[in-house]
Amino acid sequence: MLETLRSRHLSLGPRLPAFERAFGERVGSPHASAVSSGTAGLHLALRAAGVETGDEVITTPLSFVASANAIVYEGARPVFCDIDPRTLNLDPEAVAAAVGERTRGLLPVHIFGYPADMPAFERIAADHDVFVVEDACEALGAEHADGTPVGGRGNLATFGFYPNKQLTTGEGGMVICPEATTKARIDSERNQGRAPNMDWLDHDRLGFNYRLSDLACALGLAQLERLDQILEARRRLAVAYAERLEADDRPAALDGLDLPCPDSGGDRRSPFAYVVQVPHGADRDAVIGELRARGIDSKPYLPAIHLMSFYRERFGHREGELPVCEDVSRRSLALPFFPELSEGQLERVCWGLGEALAAVPRTADTALRAS
Ligand SMILES: Cc1ncc(COP(=O)(O)O)c(C=O)c1O
């Protein structure tokens, strides 16, 4: 960082290609483009994939809103399909059923760091000649069953480096590109449409300012060196939560709590947040209030995108369209999850959650069961 600060290269300097190379190696791709955010990366990845006004792109409603917004930026329509109740990722069967004449691509998200079923999505995409762009913003360090790092399967894939991510540059992102030509296009579009061989201020396409500064790249390089330690600490924390919340001596009020699914069939999560679903019939928002009264911060996480005001108004979505997602979303809350969380604090959160669940009234469970 200091070296970069002392150099005359605060942007578009030597740390940019160094970070891109090192990051690409980490996920097994020779081509990567650093950008100013995960959202910017998704936007450029979708443009590179060829999305156009009037197209439809199939995606998940259980994600951070940016994955759907990036589709709307280009005048395309996000078509939301329901999720798999175990992994909380987009359900391939629902996707296969939703492909239509206007479908131009698929945008699965590796939600909460759990690998989406990419082999299934790649088959669907090949069958219908549509593109795949992966939103891997939450999943650096996750692995597919065959050992391939998430983002390294040869699709366009985007990572995000916001401070809650496994690797952070404050703000930032990275697009993994299958080919050198795709990287060249993204490199140009992130820099106002400028081609590397053109004179200063000559631009041969529409572009954006989606650059990542050399300072941010220096931070990213330093974080990459420690990435294994960071990932290990996050994994330990997730394991400790699961052990505590599933312990034989846990409070009875925790019965029916759904935890993040364990790794299965060789897929390996890179824990992003620790998101649980309160038992059916328990009022999630009241649980959050009870936790707050005990000094424990938690968040409703994630709201279903199709039910957000903008998406309701623009696309006419209503409750009941995507029952699995809506059920999960209604019951979800994120517990404190950061590497500095001590064992004692984690213990307090788990007991607090038991007390909070015992304190809230339960209603008759008429909701769809997600499991
Ligand atoms: C799944 C997902 N997609 C996209 C983004 C957008 O990334 P950024 O905030 O870096 O723009 C985020 C994170 O914030 C995310 O979690």
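Residues numbered from 1 in each chain as written. Predicted model: local features only at pLDDT ≥ 70, side-chain atom pairs only at ≥ 80, totals over all residues. Heavy atoms only, no water.

Draft legend 1. Representation of the nonpolar core within the structure. Core analysis: the largest hydrophobic core is formed by 44 residues, its most contacted members being Leu46, Leu62, Phe112 and Tyr301. Every element with two or more residues in this core is listed here: α3 (38–49), α4 (66–73), β5 (131–135), α11 (309–315) and α12 (323–331). With 5 residues, α3 is the largest single contributor of residues to this core. Here leucine 62 is in contact with Ile83, Leu88, Ile111, Phe112, Leu302, Cys325, Val328 and Ser329, once residues within four sequence places are set aside. (Core = buried A, V, L, I, M, F, W, Y, C linked by side-chain atoms within 4.5 Å. Buried < 20%, exposed > 50% of the residue type's maximum accessible area, 1.4 Å probe, protein only. Helix = DSSP H or I, 4+ residues; strand = E, 2+ residues; numbered from the N terminus. Contact = heavy atoms within 4.5 Å.)

Draft legend 2. Expanded view of the site of the ligand. As a structural note, the neighbourhood of the ligand is formed by 13 residues, with Gly38, Thr39, Asp135, Glu138 and Lys165 the closest of them. Contact distances for the ligand include 2.8 Å between an oxygen atom and a backbone N or O atom of glycine 38. One of the side-chain N or O atoms of glutamate 138 is found 2.6 Å from an oxygen atom in the ligand. In the complex, 93% of the free accessible area of the ligand, which totals 380 Å², lies under the protein chains. At 3 residues, α3 tops the list of elements feeding residues into the shell around the ligand. Its residues assigned to classes, the shell around the ligand shows 5 nonpolar, 5 polar and 3 charged. (Near = heavy atom within 4 Å. Polar contact = N/O pair within 3.5 Å; in protein donor to acceptor, adjacent residues only side chain to side chain. Areas by Shrake-Rupley, 256 points an atom, 1.4 Å probe, with all protein chains shown as cover. Nonpolar A, V, L, I, M, F, W, Y, C, P; charged D, E, K, R; others polar.)

Draft legend 3. Main features of the sheet that holds strand β7 (residues 173–176). With mixed pairing, 7 strands are arranged side by side in an open sheet as β1-β7-β6-β5-β4-β2-β3. Two strands in the sheet have a free side with no partner beyond their single neighbour: β1 (32–35) and β3 (77–80). For this sheet the average axis-to-axis angle between neighbouring strands, irrespective of direction, equals 25°. Relative to β7, β1 runs antiparallel, the two being bridged by 4 bridges. For valine 35, the partnering residue across the bridge sits in β7 and is glycine 173. Relative to the sheet, α3 contacts β1, β4 (103–107), β5, β6 (156–160) and β7, its axis offset from that of β6 by approximately 170°. Against the sheet, helix α7 (residues 180–190) touches β1, β6 and β7, its axis set at about 15° to β1. (Pairing = 2+ DSSP bridges. Axes fitted to C-alpha atoms, helices over the stretch in contact; angles between N-to-C directions.)

Draft legend 4. Local environment of the pattern of salt bridges. By the definition in use, this model includes 22 salt bridges. When salt bridges that share partners are traced, they join Glu20, Lys183, Asp187 and Arg190 into one network. (Salt bridge = Lys/Arg side-chain N within 4 Å of Asp/Glu carboxyl O.)

Draft legend 5. Main features of helix α9 (residues 227–245). An ideal rise of 1.5 Å per residue puts 27 Å on 19 residues; α9 measures up with 27 Å between its terminal C-alpha atoms. Those residues of α9 lying buried are Leu227, Ile230, Leu231, Arg234, Arg235, Leu237, Ala238, Tyr241, Arg244 and Leu245. Among the structural elements, α2 (15–27), α8 (214–225), β8 (274–277), β10 (332–335) and α13 (343–359) are those in contact with the buried residues of α9. (Expected span 1.5 Å × (residues − 1).)

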